[in-house]
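Observations on chain architecture
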Amino acid sequence: MLSIHGICKTFDGRPVLENISFDFPEAAVTALRGPSGCGKTTLVNIILGLLAPDAGEVRLPANARTAAVFQEDRLIEHFSAARNVRLTAPASVTDRQIQAALAELGLASEGEKRVSEFSGGMRRRVAVVRAALFQPHLLLLDEPFKGLDEEMRAKTAAFLCRACAQATTILVTHDETEAALMGAKAELDLGGKEGS
């Protein structure tokens, strides 16, 4: 489904990614780990095609539907939660399904309130629902549980595992608990700057 080969990236003369190669298991979660500044978000952006590597390649089928939850929520501020999700959801996803997904993550009572009025954790959950209901083949999650308490983190992970069970998923996390909640089957640790 997705593989990376010999990925290198340097910023201002400082190597961030050096010869990273990895075959991501299809329809499973891979935890992308490593200390701050080791290049996790850079690698996500390269996989998404938002950043070009200095060397190496990303191999991904051209017709793969790709969704992401970025470190920033990237919502349309004056839209409601449901309208933010509807913006990217396929036509086959009904308004009832959108409302049910938002309700599952504790957002049922927010109605048509603009997301600009939401707390950070609420905004995070909207971003998660939006990505999941896009029905991606490839899902990239860059610290998706940021701002969520333990209970909501578990609920959000359960939602993602069910809604995106067939997606090849990359989970950027510092937390082994989050990888366990998501049922990660593989790990790519950038701490040593080498693929595993």
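Quantities reported herein were computed from a predicted structural model and do not represent experimental measurements.

1. Structural notes on the overall build of the chain
Across its full length, the chain carries six helices and eight strands. Seen in sequence order, the chain has helices and strands lined up from the N terminus as β-β-β-α-β-β-α-α-α-β-α-β-α-β. Computed over its C-alpha atoms, the radius of gyration of the chain comes to 17 Å, within 12% of the 16 Å expected for a compact globule of 196 residues. Oriented by its inertia axes, the alpha-carbon framework of the chain measures out at about 50 × 35 × 30 Å. Within the chain, contacts between residues at least 6 apart in sequence are counted, and of these 72% link residues at least 24 apart. On the chain, roughly 9,300 Å² of surface is accessible, and the fraction owed to carbon and sulfur atoms is 48%. With 22 positive and 25 negative side-chain charges, the chain shows a separation of 6 Å between the mean positions of the two kinds.

2. Some thoughts on the sheet that holds strand β7 (residues 168-172)
Spatial ordering of the open sheet is given by β5-β6-β7-β3-β8, a layout of five strands whose pairing is parallel. Each of the sheet's edge strands pairs with one partner strand only, and the pair in question is β5 (66-69) and β8 (186-189). Each adjacent strand pair in this sheet contributes to an overall mean axis angle of 15°, direction not counted. In this structure, strand β6 (residues 138-142) lies alongside β7, joined through five bridges in parallel fashion. Within β7, the position partnered with Leu141 by the bridge is Leu171.

3. Details of the nonpolar core
Counting 36 residues, the largest nonpolar core has Leu102, Val129, Leu139, Phe159, Leu160 and Met182 as the members making the most contacts within it. Counting residues per element, this core draws most heavily on helix α4 (residues 120-133), at eight residues. Those residues in contact with Phe159 that lie beyond four places of it in its chain are Ala101, Glu104, Leu105, Val128, Val129 and Ala132. Grouped together as the second largest cluster of nonpolar side chains are 23 residues, Val16, Ile20, Phe22 and Phe24 included.

About the cut-offs
- Residues numbered from 1 in each chain as written.
- Predicted model: local features only at pLDDT ≥ 70, side-chain atom pairs only at ≥ 80, totals over all residues.
- Heavy atoms only, no water.
- Helix = DSSP H or I, 4+ residues; strand = E, 2+ residues; numbered from the N terminus.
- Rg over C-alpha atoms; globule rule 2.2 N^0.38 Å.
- Contact = heavy atoms within 4.5 Å.
- Areas by Shrake-Rupley, 256 points an atom, 1.4 Å probe, with all protein chains shown as cover.
- Lys, Arg positive; Asp, Glu negative; His and termini not counted.
- Charge placed at Lys NZ, Arg CZ, Asp CG, Glu CD.
- Pairing = 2+ DSSP bridges.
- Axes fitted to C-alpha atoms, helices over the stretch in contact; angles between N-to-C directions.
- Core = buried A, V, L, I, M, F, W, Y, C linked by side-chain atoms within 4.5 Å.
- Buried < 20%, exposed > 50% of the residue type's maximum accessible area, 1.4 Å probe, protein only.

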